[in-house]
Amino acid sequence: MGDDDVLLLHNSHGLPHIAAMMPAYSSPVKVVLVEDKPGVRDSWVKLINSLPGFACANTCASGEEALRLIPTLNPGVVLMDIFLPRMSGIECTARLKLQMPKLQILILTAVEDDELVFKALEAGADGYLLKRTTPESLRAAMLDVLGGGAPMTSEIARRVVESFRRASQQPRPLVHLSTREEQVLVLLSKGYSNKEIASELAIGTETVGSHLKHIYEKMHVRSRAEAVARYVSGNV
Amino acid sequence: MLKVAKRRRLCENVARDAALNLMSPREKHPGLRRSNVCAALAALLMISSAAVCFAPLFAADPPPANTNWLVEATNHLGLWIWDTNTFDKQTCRLWKSFQLPPGAKPLSATLRITVDNGYSLFWDGREIGRGSDWRTVTKYDVTRLLNPGPHQLAVEGFNDRLEAGLMFGLHIEFQNRPDLDLLSDESWFIVPETQKSWTTRQRPAAGWHPAMVIGPIHRHPWEVWPYGLTTGPPLVPLVVHFWQTGWFQLSLLTLLLLAVAGCAWLQAQLSLHARARRLLEDERIRIARDIHDDLGAQLTQLVLLGEVARREQPDKSSAQAQFNQICALARELSHGMDEVVWAVNARRDTLRDFTSYVCKYAQLFLNPTPIRCRLDVESDLPVIAFDLPVRRNLFLAVKEALNNAAKYSGAAELFLRIHRAGERLVVAVEDDGRGFAPSPSGGDRHGLVNMHERLEKIGGTCELFSAPGAGCRVVFTVPLISSESRGWLPWLRQPSTPPKSELER
């Protein structure tokens, strides 16, 4: 088995491209880490600080602390552990996104669990990473979301397509995917890389990334709208 | 008692009628001598006193136009009988048995009865009638109850006040012999109140004593009697159907109890089975959780520590190279462990999880190779059960096929197709590589024997289509309902779903 992270994250942007977008003199991107285990947390901090262009501004040991601290810190990227004591990383993500819609949140998970990842994405996460990922892939993923892209695996893509198709069969679908967005998702679910999708659809790789970003946003919007609908109809 | 007053009034009426009858000839013949009148008056006195004495012998009220009913009511009646002592609010049980003479062919049988004041009448233990008005004789047609053999007549009489008595008569006409009359007389028995099931008793028991004869019909105080005749409802023998018989009901009950016991036993077996299965699943989940929690978390930490340590070494140093190796190894270990956890975890026993896992695996596996991995997966695959042996063997077979493609095909593109075909799952691995000519005796270059064996184990099939220059296509087909059929208890097939955090934390 090789380096799985390359495949998990279909980078919509090449690294040099993003690096070029970031002026050399600008201050490093502020990263906040939410992780409850102290040993793991320290290692992450060291790793993040070793990545060029990134600095770990702060760490939070719980979701509650993250909700208190992060709005005051206004970081560029939040790395969120999915399993936290009490409030889960998914719930914390949802609450943070409600306060700060522009905040980029990447979910860190020890196991690949499509259902959990899907839930995290619905909660507003901008992507997810395996904890055993290489620092290079972590940097690539962070640059990707900062550049307006969104990493997505073919598994997730298939689930997203299915969920939107199912939702559109309901009497009053709240959110639709555009034809192009669906095309991107279908190709992604068939195993195409972002670059291949771009050439297949004759669009730029950045455009593929931004399509994915929009799809994430729609998922988030839909899940929130559904939550509201459930609340209104009293089916909570 | 009413009848005493009534009796007096009736006697007066009778006397007056008699006097009038005597007087009328005198009126008709006014020329009668005066002395005769005196004699007549004396006679009248005599007659009237005689009338009082003999009143019971005459019809009390003006006789009805048709007196047949009276004849019928009284012709075949016996004597008034009762217990030796009489008291108010008395219940008296009277009993008699009789046997139909052998060879007798009864034409008709009529039973007449009355009791002062009321009665319940039993024929062979079956209650066939009741009465509460002593002045009315009730007639029952018992012809159809008269089957050959012994019969028991039983009357439970009730006295309200003062005098009491039973008058009874059973008149049987035969085809081949003289009529028979069974009347109330001293041959009846008085049954003590302590006697149980006396109405069906064949013989009198010790302690039963003969009934006492009070007197004949029209005896005081029943001089003017009866007032009427009623006919009871027609009596037919009770038909006892086989399902009404005791033995049948008993067997049915036994059968039911057996069935209930059998059901309970089966239920217990099923719940034991389900419990064992649940325990096994719980255990698998626990093992998966333990591996994941203990080893997985530490491996992740190892990777992180290795990465940090690597960065602290000078670039291109041998220490850094070794740390690189450690990190790579730890990642591989972590990945391998994920596979174990996936295989062991009962929560992943679904078709959907299998599909998702195989697709991920294929993509990861082919990523370092020049082969592009394409997925063609049926959308909305259901979350149906896909048991561990099936998914494990199928996964290993697919792995083998992928391995072959990576090693020998030289393909540019590989399709992994997962679809359902009825009750079967079809997984195809297709490449556009150089292909080969499959030969039955060509050895096991492509691990075909292995794949066949794996699929056989789980009741599936493995087919290979290839030709030189035309790529290769391996098709695996497995049944979606596992061979150990638990189909009739579908809820047992549902993989248990403990809370997620249980596994993950």
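Use the structure listed above.
Bear in mind that the values here come from a model prediction, so they are computed numbers and not experimental data.

Here is what the cut-offs are and how they apply
Residues numbered from 1 in each chain as written. Chains lettered and ligands numbered in written order. Predicted model: local features only at pLDDT ≥ 70, side-chain atom pairs only at ≥ 80, totals over all residues. Helix = DSSP H or I, 4+ residues; strand = E, 2+ residues; numbered from the N terminus. Buried ≥ 20, exposed ≤ 12 C-beta atoms within 10 Å, placed from the backbone. Contact = placed C-beta atoms within 7 Å. Pairing = 2+ DSSP bridges. Axes fitted to C-alpha atoms, helices over the stretch in contact; angles between N-to-C directions. Nonpolar A, V, L, I, M, F, W, Y, C, P; charged D, E, K, R; others polar. Expected span 1.5 Å × (residues − 1). Core = buried A, V, L, I, M, F, W, Y, C linked by C-beta atoms within 7 Å. Parallel < 35°, antiparallel > 145°, perpendicular 65-115°, else oblique. Left-handed = near helix turned anticlockwise from the far one by under 90°.

Trainee: Lay out the overall build of chain A in plain terms, naming residues and giving numbers.
Mentor: Within chain A one finds eleven helices and five strands. For chain A, the proportion of its 236 residues judged to be buried stands at 49%. When contacts within chain A are restricted to residue pairs at least 6 apart in sequence, those whose partners lie at least 24 apart make up 69%.

Trainee: Please give an account of the sheet that holds strand E1 (residues 29-34) of chain A that cites residues and values.
Mentor: Residue and element names in this part refer to chain A. The parallel open sheet is built from five strands, whose spatial order is E2-E1-E3-E4-E5. The sheet is open, and its two edges are formed by strand E2 (54-60) and strand E5 (127-130), each paired on a single side. Each neighbouring strand pair of the sheet contributes to a mean axis angle of 25 degrees, computed without reference to strand direction. Sheet analysis places E1 next to E2, joined by six bridges and oriented parallel. Pairing of Lys30 across the sheet is with Ala55, part of E2. Against the sheet, helix H3 (residues 38-50) makes contact with E1 and E2, and its axis sits at roughly 160 degrees relative to E2, the strand it touches most.

Trainee: Tell me about unusual backbone geometry, residues and numbers included.
Mentor: Residue and element names in this part refer to chain B. Residue Asn117 is bonded to the preceding Asp116 through a cis peptide linkage, with omega at 15 degrees. With respect to the helices and strands, the residue Asn117 is situated in the loop between strand E3 (106-116) and strand E4 (118-123). Pro221 follows His220 through a cis peptide bond whose omega is 5 degrees. Mapped onto the elements, Pro221 comes out in the loop between strand E12 (212-215) and strand E13 (228-231). Despite not being glycine, Leu162 shows a phi value in the positive range, around 55 degrees. C-beta crowding within 10 Å serves as the criterion here: with 15 such atoms nearby, Leu162 is assigned to the partly exposed category.

Trainee: Go over the interface of chain B and chain A, please, and point to the residues and values.
Mentor: Contacts between chain B and chain A engage 32 residues on the former and 28 residues on the latter. Elements with a minimum of two residues in the side of chain B that touches chain A: helix H4 (246-312), helix H5 (318-344), helix H6 (351-366) and strand E14 (372-377) of chain B. The element that contributes the greatest number of residues to the side of chain B that touches chain A is H4 of chain B, accounting for eleven residues. For the side of chain B that touches chain A, the residue count by class is eleven nonpolar, ten polar and eleven charged.

Trainee: Run through H5 of chain B, naming residues and quoting values.
Mentor: Residues and elements named next belong to chain B. In a regular helix each residue adds 1.5 Å, so 27 residues correspond to 39 Å; H5 covers 39 Å between its end C-alpha atoms and thus fits that length. Taken together, the buried positions of H5 are occupied by Phe323, Cys327, Ala330, Arg331, Ser334, Asp338, Val341, Trp342 and Val344. Close packing links the buried residues of H5 with H4 and H6.

Trainee: Which residues make up the nonpolar core, and what are the values?
Mentor: Of all hydrophobic cores here, the largest spans 71 residues; its most connected members are Val34, Val78, Leu79, Met80, Leu106, Ile107 and Ala120 of chain A. Those residues within four positions of Leu106 of chain A in sequence are excluded, and the remaining contacts are Val77, Leu79, Met80, Ala125, Asp126, Gly127, Tyr128, Leu129, Ala141, Met142 and Val145 of chain A. In terms of nonpolar packing, the next biggest core, distinct from the first, is built from 43 residues, Val341, Tyr361, Ala401 and Ala411 of chain B among them.

Trainee: Requested: an account of the environment of Ala412 of chain B, with residues and values cited.
Mentor: All names here are of chain B. With respect to the secondary-structure elements, Ala412 resides in the loop between helix H7 (388-409) and strand E15 (413-421). For Ala412, a count of 11 C-beta atoms within 10 Å translates into the label exposed. Separated by 43 residues in the primary sequence, Ala412 and Thr369 have C-alpha atoms spaced 9.4 Å apart. Sequence-distant contacts of Ala412, defined by excluding residues within four places in its chain, comprise Pro370, Ile371, Arg372 and Asp432.

Trainee: Now, about the environment of Asn194 of chain A: what can you tell me, with residues and values included?
Mentor: Structurally, the position occupied by Asn194 of chain A is in helix H10 (residues 194-201). C-alpha separation for the pair Asn194 of chain A and Val184 of chain A, spaced ten residues apart in sequence, amounts to 8.6 Å.

Trainee: Tell me about the packing of H7 of chain B against helix H8 (residues 448-457) of chain B, and please be specific about residues and values.
Mentor: Residue and element names in this part refer to chain B. Running from amino to carboxyl end, H7 crosses H8 at an angle of 160 degrees, the nearest separation of the two axes being 9 Å. Here H8 runs roughly antiparallel to H7, going by the angle between their axes. When you trace H7 past H8, the crossing you get is left-handed. When H7 is examined against H8, the residues Asn393, Leu396, Ala397, Glu400 and Ala401 are found in contact with a partner set consisting of Asn450, Met451, Arg454, Leu455 and Lys457. A breakdown of the residues in the contact of H7 with H8 according to their chemical character gives five nonpolar, two polar and three charged.

Trainee: Can you tell me about the pairing of E4 of chain B, naming the residues and giving the values?
Mentor: Residues and elements named next belong to chain B. One ladder, built from six bridges, connects E4 with strand E7 (residues 150-159); its direction is antiparallel. Bridging across to E7, Ser120 finds its partner in Glu156. Bridge count between E4 and strand E5 (residues 126-131): five bridges; the pairing is antiparallel. Within the sheet, the bridge partner assigned to Leu121 lies in E5 and is Gly129. Between E4 and E5, which follow one another and run antiparallel, lie two residues, and Asp124 among them has a positive phi close to 55 degrees.

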